[in-house]
Amino acid sequence: METKSLFLRVNAIRPIGQSRFLDLLADTVRQLSVRFPPALLSDGQDPTIPDSLDQTLPVHDRYFGAIVLGVLSNDSGSTSERTAFLNEADCAYRSLWREAAAHRQIGVAEGGLQ
């Protein structure tokens, strides 16, 4: 996932400076890492947190919307934004979980999602 794309999307909603964004992004990724298993967050690896906008964030693309909402909720402290973040993250997780379960049912080898 492109960090710069996340930054641009967040700033389209609420202007946040680059260093503040990276701090909030790190908090958001840590929250997701605690909540979801690595296999369904970032192909089994602990996601490394980027320290610049030019780096990629090794998290499944389905979490894009959740990460945007997470950064915004961490910035504002709003409970409604926090609830939206958690709901979006749960939807992404369930989607990836169903996909992984379907692959296991038909005998596809485990090792992460493609």
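This text goes with the structure placed above it.
About the thresholds
Residues numbered from 1 in each chain as written. Predicted model: local features only at pLDDT ≥ 70, side-chain atom pairs only at ≥ 80, totals over all residues. Heavy atoms only, no water. Helix = DSSP H or I, 4+ residues; strand = E, 2+ residues; numbered from the N terminus. Buried < 20%, exposed > 50% of the residue type's maximum accessible area, 1.4 Å probe, protein only. Contact = heavy atoms within 4.5 Å. Areas by Shrake-Rupley, 256 points an atom, 1.4 Å probe, with all protein chains shown as cover. Expected span 1.5 Å × (residues − 1). Axes fitted to C-alpha atoms, helices over the stretch in contact; angles between N-to-C directions. Parallel < 35°, antiparallel > 145°, perpendicular 65-115°, else oblique. Nonpolar A, V, L, I, M, F, W, Y, C, P; charged D, E, K, R; others polar. Phe/Tyr/Trp six-rings, centres within 6.5 Å; stacked < 30°, edge-to-face > 60°. Arc of directions from axis to C-beta. Left-handed = near helix turned anticlockwise from the far one by under 90°.

*Asks:* Any chance you could explain the overall build of the chain here in plain terms?
*Replies:* On a plain count of helices and strands, the chain comes out with five helices and zero strands. Counting only residues that meet the buried cut, the chain has 37% of its 114 residues in that class. Residue pairs at least 24 apart in sequence account for 60% of intrachain contacts in the chain once pairs closer than 6 positions are excluded. For the chain, the accessible surface area stands at approximately 6400 Å², while carbon and sulfur atoms represent 50% of it.

*Asks:* So what exactly am I meant to see when it comes to the environment of L53 here?
*Replies:* Note on placement: L53 falls in the loop between α3 (39–42) and α4 (64–76). On a C-alpha basis, the gap between L53 and Q18 in space is 8.0 Å, while along the polypeptide they are 35 residues apart. If we ignore the near neighbours within four places in the chain, the residues touching L53 are T3, K4, F7, Q18, F21 and L22.

*Asks:* I'm lost on α4 in this one. Help?
*Replies:* For the α-helix, the turn length of 3.6 residues means that residues three or four positions removed from each other point alike. Compared with an ideal rise of 1.5 Å per residue, which puts 13 residues at 18 Å, α4 spans 19 Å between its outermost C-alpha atoms and is within 8% of the ideal. By the burial criterion, the buried members of α4 are F64, A66, I67, V68, G70, V71, L72 and S73. Backbone geometry just downstream of α4 places G77 in the positive-phi region, at approximately 75°.

*Asks:* What's the story with the packing of helix α1 (residues 3–13) against helix α2 (residues 18–35) in this structure? I'm lost.
*Replies:* For any two helices packed against each other, one specifies the crossing angle of their axes together with the interaxial distance. At a closest axis distance of 11 Å, the pairing of α1 and α2 adopts a crossing angle of 110°. What the angle tells us is that α1 and α2 run roughly perpendicular. Counted together, T3, L6, F7 and V10 of α1 and Q18, F21, L22 and L25 of α2 form the full contact between these two elements. Tallied by class, residues from the contact of α1 with α2 come to six nonpolar, two polar and no charged.

*Asks:* Mind showing me how you'd approach the packing of aromatic side chains here?
*Replies:* A ring pair, where both rings are aromatic, is described by two values, the distance of the centres and the angle of the planes. If you walk through the whole model with that rule in mind, you get three aromatic pairs. Summarising the aromatic geometry, the rings of F7 and F21 are spaced 5.2 Å apart at their centres and angled 70° between planes, so their arrangement reads as edge-to-face. With F7 in helix α1 and F21 in helix α2, the pair connects residues that are 14 residues apart, well separated along the chain. Residue classification places F7 among the buried positions, given a relative accessible area of 14%.

*Asks:* I'm lost on α1 in this one. Help?
*Replies:* Of all the positions in α1, only T3, L6, F7 and V10 are classed as buried. Angularly, the buried residues of α1 cover 100° about the axis, an arc narrow enough to put them on a single face. Residues of α1 that are exposed and point more than 90 degrees away from the buried face comprise L8 and A12. In this structure, the buried side of α1 is in contact with α2 and α4.

*Asks:* Just to check I follow, could you spell out the packing of α1 against α4 for this structure?
*Replies:* Put simply, α1 and α4 touch, their axes get as near as 10 Å, and they point 55° apart. On the basis of their axis angle, the class for α1 and α4 is oblique. When you trace α1 past α4, the crossing you get is right-handed. Residue-level inspection shows S5, L6, R9, V10 and I13 of α1 in contact with α4, the latter providing F64, I67, V68, V71 and L72. Residues that form the contact of α1 with α4 fall into these classes: eight nonpolar, one polar and one charged.

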